[in-house]
Every structure is written in C-alpha cells, then in structure tokens.
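The primary structure of each chain is shown beneath.
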Amino acid sequence: MNTLDKKYQQLLSDIIAFGVEKKDRTGTGTISEFGHQIRHKMSEGFPLLTTKKMAWKQIVSELLWFLTGQTNIAFLHKHNNHIWDGDYKKSGRTDGELGPIYGKQWRQWKGENGKIDQIDDLVRNLKENPDSRRLMVSAWNVGELDQMVLPPCHYGFQVWTRELSYSERYKIWFNNNYETGMEYYEGNIPDFDNTYYTPTPKRSISLMWNQRSVDVFLGLPFNIASYGLLLHIIANEVDMIPDELIGNLGDTHLYLNHIEQAKEQISRDSFDLPTLKTNAKMDGICCNEPDDFILEGYQYHPTIKAPLSN
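This section reports on the structure supplied with the text. Being a predicted model, the structure only gives us computed values, none of them experimental. (Residues numbered from 1 in each chain as written. Predicted model: local features only at pLDDT ≥ 70, side-chain atom pairs only at ≥ 80, totals over all residues. Heavy atoms only, no water.)

Considering the overall build of the chain
Here is step 1 of the chain: Within the chain one finds 10 helices and 10 strands.
Here is step 2 of the chain: For the chain, whose C-alpha radius of gyration is 20 Å, the value lies close to the compact-globule estimate of 19 Å for 310 residues.
Here is step 3 of the chain: Here the C-alpha coordinates of the chain stretch approximately 65 × 55 × 35 Å along the principal axes.
Here is step 4 of the chain: Expressed as a percentage of contacts within the chain between residues at least 6 apart in sequence, the contacts between residues at least 24 apart total 74%.
Here is step 5 of the chain: As displayed, the chain offers around 15500 Å² of accessible surface, 49% of which is attributable to carbon and sulfur atoms. (Helix = DSSP H or I, 4+ residues; strand = E, 2+ residues; numbered from the N terminus. Rg over C-alpha atoms; globule rule 2.2 N^0.38 Å. Contact = heavy atoms within 4.5 Å. Areas by Shrake-Rupley, 256 points an atom, 1.4 Å probe, with all protein chains shown as cover.)

Next comes the structure, spelled out in structure tokens:
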C-alpha cells in the first residue's frame, strides 16, 4: 500500500490551486499556504516517495551528520553530499563551519551547567518513562540563531509511545519467527519474550516533527524520509516498533520555478513503498555509514530536476 505519494500529490495540487503568491528571502517568489499536516503509517512501508527518484544516500548522510553532532561541511563532502553548499557559500564563511545548526543543538545544546545531549536524554527517558509527555528535541535555540548559516526549518520533534495489544504483538512475533504458516502455531500461546526466538517489542513509537518553512517540491520529500529514518533508528535503540510519522507544516510553499515540475509529479502513478533494513542504534551511530541503511524494493519514476533557492 502507498498512500504517501497520493497525500503528497494532493498537497502539491492544493498549493497550486489555492496558494497565494508571496515574496521570500531568496528573491525567487513562492505560492504558499499556511498550516498543513502529513501523516504516514510506517507499517505501510518506508516513507520515500516513488513518483520521482529520491537521493537516498544524501538523506542518510545528512541525518548521520546531525546525529554525530558535527556542524562542519567536510562530513557531507566526504559522502559526496552538497545540499548545504549553497547556504555555506552565501554565508561567506571559509572555515567549513555552518554555525550551531541541528547537530550542535541536538547533541551539544549550551546549558547553564554544561552541554546538553538532547538525543541521549531522549533515549534515556524513553527507556525509563515511555509515557512521558516531555519526549522532545529542539533545534530552535533563540540565543544562537544569528550564528547559523540558516535557522532551522524543521525546528523540533516529539515522540510518543503506546503499549502494543496482544494481537499486535502476536502478529509481529509470528512474522518474525515462523515461516510455515498458522498451522505451526496450532493453538499454543507464544512466549513473546523467549530469547530462543526473536523477542517481540512491547511498545510502538511515533514521531511528529514541526517545520516553520517547507519547500514542498525539493525539501519536504527529503524531510519526510529523514524523519522516517530517525524514527527507525530511535525505535531500534529503545526496542520499539515504528508506528506513525507526522509532519506539522507552517509556511508550506512551492517556489515559482517549481510549479511545472510539481505538475509533472502530480501526473505520475505511484509504486509500492520500499522497506528499510538496518540494525543501526544510537550508541553506534558514529560508526555507521550510509551503505548500512539498505532499501529493498524501491521502485521509482525518473528524477525531476528543479533549481534550489538559497
């Protein structure tokens, strides 16, 4: 099942039909609407759009960069990732640094008593108090915005967990441990926590991110997949099942030089979503490479080129 591409195509259509023309800092011009939400059930497949080819390794390497806490563009260039080059060149900096952007705020927020690792705190709190309503990470550090080459577009995220029902755990257990069919089960009560088999998680986890500025054609598909990957990594770390991915979108816009490309994408039929294979965990994230995150069954339409506005 793939409802994600359809939701995304509908969002493109809505902005083209109802968006208002606005000026923007890049001088390109946009058509914009304020306030959208996009939701995806992770059980339907990994949220990587199929109506155009997506740059998967760039998505992975940028997220790994955030999670290492680094802010120097050298990490991205090592992985042939140049998505931050425009903002870096526009800043006039020559030291490779982009300022205290996502990675710094996620892993080294400057607190009164030292640096705060929000990701470590999130993981610890998920393990100790999974029903907490404070499971949040912020990149919007008001005191350091003027030092960043670009203030965060996606400025924070929150996670939420719930206990899995018996039937949900059984389905997971059965899919993980049996290949011969229901007759093999034959009425026995499975031991979900038996280490002889693959242990079955007890909870699911959902992630919701908030985004103030949304480049819908180039940026949003990237953001959706990036937070879907982050949800997978966190879920692996705390032994939970990825459930729902939600994006709250503020200024949701198409650049004027992306409209024809958006219409092309709207016209395309989607393929089934791929699946993601990875065992990456937060404690080993510095040792992981983009090739460690494998997509299976990714079918896609050709790339649709569009200029990036900085």
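Regarding a nonpolar patch on the surface
Here is step 1 of the chain: Where nonpolar side chains cluster on the molecular surface, the patch consists of Trp140, Val142 and Tyr155 and spans about 280 Å² of accessible area.
Here is step 2 of the chain: Here Trp140 shows up in the loop between strand 5 (136–138) and strand 6 (154–163). (Patch = residues over 30% accessible without salt bridge, like charges linked within 9 Å, V, L, I, M, F, W, Y side chains within 5 Å. Salt bridge = Lys/Arg side-chain N within 4 Å of Asp/Glu carboxyl O.)

So, the sheet that holds strand 5
Here is step 1 of the chain: Taking strand neighbours across the sheet as the criterion, the 6 strands line up as 1-2-8-7-6-5 in an open arrangement whose pairing is mixed. Each end of this open sheet is capped by a strand with a single partner; those strands are strand 1 (20–22) and strand 5. Averaged over neighbouring strand pairs, the angle between their axes works out to 20 degrees when direction is ignored.
Here is step 2 of the chain: Bridging between strand 7 (residues 203–215) and strand 8 (residues 241–255) involves 10 bridges; their strand directions are parallel. Paired with Ser213 across the bridge in strand 8 is Asp251.
Here is step 3 of the chain: Running over the sheet, helix 6 (residues 118–128) touches strand 5, strand 6 and strand 7 and is turned about 175 degrees from strand 5.
Here is step 4 of the chain: Together, strand 2 (30–41), strand 6, strand 7 and strand 8 form the strand contacts of helix 9 (residues 219–238), whose direction differs from that of strand 7 by roughly 155 degrees. (Pairing = 2+ DSSP bridges. Axes fitted to C-alpha atoms, helices over the stretch in contact; angles between N-to-C directions.)

Quick notes on unusual backbone geometry
Here is step 1 of the chain: At Asn80, a position not held by glycine, the phi torsion is positive, near 55 degrees.
Here is step 2 of the chain: Along the chain, Asn80 falls in the loop between helix 3 (74–78) and helix 4 (85–91).
Here is step 3 of the chain: Even without a glycine there, the phi angle at Asp239 is positive, about 60 degrees.
Here is step 4 of the chain: Turning to its location among the elements, Asp239 is positioned in the loop between helix 9 and strand 8.

A closer look at the pairing of strand 7
Here is step 1 of the chain: In terms of residue burial, strand 7 counts as a mostly covered element, since 10 of its 13 residues are buried.
Here is step 2 of the chain: For the crossover that starts at strand 7, traverses helix 9 and ends in the parallel strand 8, the hand is right-handed. (Buried < 20%, exposed > 50% of the residue type's maximum accessible area, 1.4 Å probe, protein only. Right-handed = clockwise from strand over helix to strand, strands pointing away.)

A closer look at the packing of aromatic side chains
Here is step 1 of the chain: Per the stated rule, a full pass over the model turns up 11 aromatic pairs.
Here is step 2 of the chain: Ring plane angle 40 degrees and centroid distance 4.7 Å describe the contact between Phe66 and Tyr102, whose orientation is recorded as tilted. Residue Phe66 is found in helix 2 (residues 56–68), and its partner Tyr102 is found in helix 5 (residues 102–108); the two are separated by 36 residues along the sequence. We note that Phe66, like Tyr102, is buried. (Phe/Tyr/Trp six-rings, centres within 6.5 Å; stacked < 30°, edge-to-face > 60°.)

Description of the packing of helix 1 (residues 4–18) against helix 10 (residues 259–266)
Here is step 1 of the chain: Where helix 1 meets helix 10, the axes come as close as 9 Å, and the angle between the chain directions of the two elements is 140 degrees. Taken as axis vectors, helix 1 and helix 10 run oblique relative to one another. In this structure, helix 1 crosses over helix 10, and the sense of that crossing is left-handed. On the side of helix 1, the interface is formed by Tyr8, Gln9, Leu12, Ser13 and Ile16, while helix 10 contributes Ile259, Ala262, Lys263, Gln265 and Ile266.
Here is step 2 of the chain: A breakdown of the residues in the contact of helix 1 with helix 10 according to their chemical character gives 6 nonpolar, 3 polar and 1 charged. (Parallel < 35°, antiparallel > 145°, perpendicular 65-115°, else oblique. Left-handed = near helix turned anticlockwise from the far one by under 90°. Nonpolar A, V, L, I, M, F, W, Y, C, P; charged D, E, K, R; others polar.)

Observations concerning the pairing of strand 2
Here is step 1 of the chain: Bridge analysis of strand 1 against strand 2 gives 3 bridges, and the strand direction is antiparallel. Paired with Glu21 across the two strands is Ile31, which belongs to strand 2.
Here is step 2 of the chain: Where strand 2 lies against strand 8, 11 bridges are found, and the strand directions are antiparallel. Each bridged residue has a counterpart across the sheet, and for Ile31 the counterpart in strand 8 is Leu254.

Here's the deal with the pattern of salt bridges
Here is step 1 of the chain: Counted under the stated rule, the structure contains 15 salt bridges.
Here is step 2 of the chain: Its salt-bridge partner being Glu244, residue Arg39 comes within 2.9 Å of it at the nearest N-O pair. You can see Arg39 sitting in strand 2 and its partner Glu244 sitting in strand 8, a full 205 residues away along the chain.
Here is step 3 of the chain: Judged by relative accessible area, which is 17%, Glu244 ranks as buried.
Here is step 4 of the chain: Of the charged contacts in the structure, one is a salt bridge between Glu168 and Arg162, with a shortest N-O distance of 2.9 Å.

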